[in-house]
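Letter by letter, the chains look like this.
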Amino acid sequence: MRYACLWLLLCMSALCGWASAATPAGTIIRNQALASYTDTDGNRVSVASNIVETLIEQVAGLQVTSNQQQRATPGSRISFSHRIQNTGNEIDRYLIGAGNAGGSIDLLNIEVFADANADGVADSANSISVTPGVAAGDDFFVVITASIATGAIDGDTAQLLLDVISEFDTAVTGQNLDTVTVGTGPAITVVKSISPGSGLSPSGSHTITLTYENTGDAAAGDVALIDALPDGMSYVPGSARWSHSGAALSDADPDDLQAGMFGSVRFCAYHTSCVGLPEAQGDADTTSLNQLTAIFDLVDAGQRGSISFQVNIDAGLPTGSLANTAEFEYDIAVGTISRQFSNTVLFEVLADAGVVANGSTSNAINGLNEPVSLVSVGQGGVVVFDNIIWNTGNATDTFNIEVQAAQSTFPPGTLWQLLRDGGSSALTDTNGDGLVDTGPIPPGSFVTVGLRLQLPAGVAGNNSGLGFDLVKIARSVTDAGIADSVLDHLDEIVANVVDLTNQAPAGSSGALGQGPGPEASPVSVVTVDAEHIARFDLYIRHQGSRTDTYQLGASGTAAGSALPTGWQVQFLDPADNSVITSTGVLASGMSRHVRAEIQVPADEPAGTHSVWFKAYSASTGTSDVKHDGIVVIAADSLSIEPSLSAQLEPGGSVVYEHLLINNGNTRIDDITLGLDESRPDWSSVLYLDTNADGTLGPGDLPYDSPLSLLPGESVDVFVKVFAPADAATLQRNVTTVSARWNGDADLVQIQDQSTVNDSRVAIRKEQALDNGCDGQPDDPAGFGPDQIEVTPGNNCVVYRLTATNLGLEPAYNVTIHDYTPAYTRYRPIAVCSRTPCWVQEPAQEDVGIISAETDQLLPGDS
């Protein structure tokens, strides 16, 4: 037998080039690959791999700013303000120490205080030695105070060292060194503050206050305060005020003396006349036009005052901090004190979520290229709609994708799957909230989400000229109230007897559940009212060569078993609310409107409950079953993923791997798993991953008793599906895998689609650690499907994707598709094990599609 190995080696950095903060600790990166091939009959087939997970570990990070200088008189009290920034990926606390570190004299009474509002002033009289918890990416400000000895003389210096240590990782440290120069005469200090210290982009106005004080024993002359605002912050003309005047200061003419209670000030701010003034060192230019300057002719010993003014925050800014530090200088008897700095204040630009879902990759205009339309597709074919999800907010955001399957007008039995860009991989849940999502999207960027629909074989037409519609909603994870929808539309299913629908007769606008049932998912979901009644509008439409009458019924399963204990149903004529049990006689093309009312017991456990309505003819046996849902508000959450597809030969079998996850915050007991086949001659068996090796083997036991899951806990479940020996080529079976809890009141389901084919390709995804990103797994034998842990930074995950032909016929143009998962960047190059092999991959440190194609796989080849 010819044997070859096709495997794709990918190396992903767990953190590379994203914004300010590292990938959050505890983040689970989920990834699933796809494979496609052409069978011997020329059909293009797509199959999905298993899901692999990578857990991000905590890493500490720390930055302390900044070194400062100050002049002080003997016997005075001094203070320095410092910013401690958590550059790690999880909340951390920081140990703080301060002490003398050189100079000709030592400082006395050194203490560190919290400065939560970053105004340069201690919040209380209680010193601290450790910070409270600081979230990843956040800041904490402190003020260090100390005293100058009364015996100090002119020219003495002292150095003060601030030492900060991460409590999580004591090897991570940061220091600042402050310098004090002793001198008799004047000593000016400046403290800066902003209020409010946070807001949206744009917003305003916000007040900046520069408070100055002469703590020395003599007057200071020509005290200059200089403030060059950072990019993104704009001065409001005419807003400046001096505490010793109260009147508005003129922004123009730097030679104009504006009088106050204590001397006068020359003031100029962001005006063409502001020339010849002391220049801000932070400007990196030689002009004083782009700053605010206040020069006081004289500030007496002990005198205190302030300059305040308004600023606006510009539009279009990303989230983050705008840092601003004022500068000052002044004259003493023997010259000018060199440039000194105030404390640094931060303005926090808050996140403002925004999303547009449309059909354009060039512009985020809502409604552009909507609906996303296709003209036609053959009966039983596959159609893919590409929807563009734009992040129009100002911060990186993730968007959950909600498929409005219950409101879809596509034929019942249509199977759907969400895909990443170009169908490169299945869309997964990147943040663990139980919903598939786009992964993080930077502001102003987009991702393409594909919706792949497998249409049922027995349905054709154009829905009475209306075509077929399905809506997807992109909802912000940052702000669940921010969402946008996009409509996918198909004009016609090119061709090919009762139809039970919701809301309107089959063939009419608004009809839900058209075509043969039962559906895998509820067509309509109704929440019980205060009387514990769920009401459904049903329409029964007859099409045939003669008149017929249809009996009405409701059941607790698709197979027709009784409703749950205590449930009661009655069918009413909406015209007079009389109770009916059948439609009465219907001619071909006629429909009957019926209202179904289901009384649910008051003590029914919370959850979503399925109900199956049925219309059937006793004379002809014609029937239709429609799947609806009843919601009693759920308090817990369970998910099972993903829906998969595969090929197998007649009499063969295929194994699907699923992950059952408790996404809620309480323990869930008595979880029962079930299987349901769309074809009665197919069968399947459930197994648990008893030995936790990620593969179905002899050590794994069949599922035979209820499960319990703690919050966040998960379990691997295998479904082995068997095709009958006489199954025809391209025969399709849908295996519904269900998980029920709360006494079977709550239910989640997924579907595995198996197709009989002599040519069958399966794909398996494995991963291994590559700490240091040298392109080779740390353990060459360590590839597997199980979850691994990685520390963000210059560390990588290597993915190996193996496509295997398990069929009896060759598979041609076999292609493996993948996509860089959330929080990662790509590290070329991908490696194929066989020739020929054509690889498509992103550039270094980029994101995008990775694919590898070979010409053919013979039976048994991998």
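Treat the numbers as computed from the prediction; the structure is a model and nothing was measured. (Residues numbered from 1 in each chain as written. Predicted model: local features only at pLDDT ≥ 70, side-chain atom pairs only at ≥ 80, totals over all residues. Heavy atoms only, no water.)

*Asks:* Help me out: how do you make sense of the overall build of the protein in this one?
*Replies:* When you go through the protein residue by residue, the secondary structure sums to zero helices and 57 strands. Here the C-alpha coordinates of the protein stretch approximately 115 × 70 × 50 Å along the principal axes. Here the protein, with 862 residues, has 51% of them falling under the buried criterion. With an accessible surface of roughly 34100 Å², the protein has 50% of that area assigned to carbon and sulfur atoms. Across the protein, the 35 positively charged side chains and the 101 negatively charged ones have centroids separated by 7 Å. (Helix = DSSP H or I, 4+ residues; strand = E, 2+ residues; numbered from the N terminus. Buried < 20%, exposed > 50% of the residue type's maximum accessible area, 1.4 Å probe, protein only. Areas by Shrake-Rupley, 256 points an atom, 1.4 Å probe, with all protein chains shown as cover. Lys, Arg positive; Asp, Glu negative; His and termini not counted. Charge placed at Lys NZ, Arg CZ, Asp CG, Glu CD.)

*Asks:* Mind showing me how you'd approach the pairing of strand β12 (residues 188-195) here?
*Replies:* Along any regular strand the residues' side chains alternate between the sheet's two faces. In β12, alternate side chains face the same way, and those of Ile-188, Val-190, Lys-192 and Ile-194 are buried while those of Thr-189, Val-191, Ser-193 and Ser-195 on the opposite face are not. Pairing of β12 with strand β14 (residues 203-214), which is carried by eight bridges, proceeds in the antiparallel orientation. Across the sheet, residue Ser-195 finds its bridge partner in β14, namely Thr-207. (Pairing = 2+ DSSP bridges.)

*Asks:* Even after reading the chapter, I still don't get the state of the cysteines, so can you show me in this structure?
*Replies:* As used in these notes, a disulfide is a covalent bond between sulfur atoms, one from each of two cysteines. In this structure the tally under the stated criterion is three disulfides. Sulfur-sulfur distance for the disulfide between Cys-268 and Cys-274 comes to 2.0 Å. The sign of the -90° torsion about the S-S bond sets the Cys-268-Cys-274 disulfide as left-handed. Overall, the relative accessible area of 1% leaves Cys-268 in the buried class. In this model, Cys-832 is linked to Cys-837 through a disulfide, with the two sulfur atoms separated by 1.9 Å. Here the cysteine-cysteine linkages of the protein are recorded as 1-2, 3-4, 5-6, numbering only bonded cysteines and doing so in sequence order. (Disulfide = S-S within 2.5 Å.)

*Asks:* Would you mind showing me how to read empty space enclosed by the protein here?
*Replies:* One simple way to see leftover space: roll a probe sized like a water molecule over the atoms. Of the volumes computed, that of the largest cavity is approximately 90 Å³. Taken together, 16 residues line the largest cavity, and the ones lying closest to its centre are Arg-30, Asn-31, Arg-420, Thr-428 and Pro-821. Ranked by residues supplied to the lining of the largest cavity, first place goes to strand β2 (residues 28-38) with three residues. Residue composition of the lining of the largest cavity, grouped by class: five nonpolar, eight polar and three charged. The computed volume of the second largest cavity comes to approximately 50 Å³. The class makeup of the residues in the lining of the second largest cavity is three nonpolar, five polar and two charged. (1 Å grid on protein atoms, 1.4 Å probe; cavity = no way out; pocket = protein on both sides within 12 Å on 5 of 7 lines; lining within 4 Å. Points joined across faces, edges and corners; volume = space filled by probe spheres on them. Nonpolar A, V, L, I, M, F, W, Y, C, P; charged D, E, K, R; others polar.)

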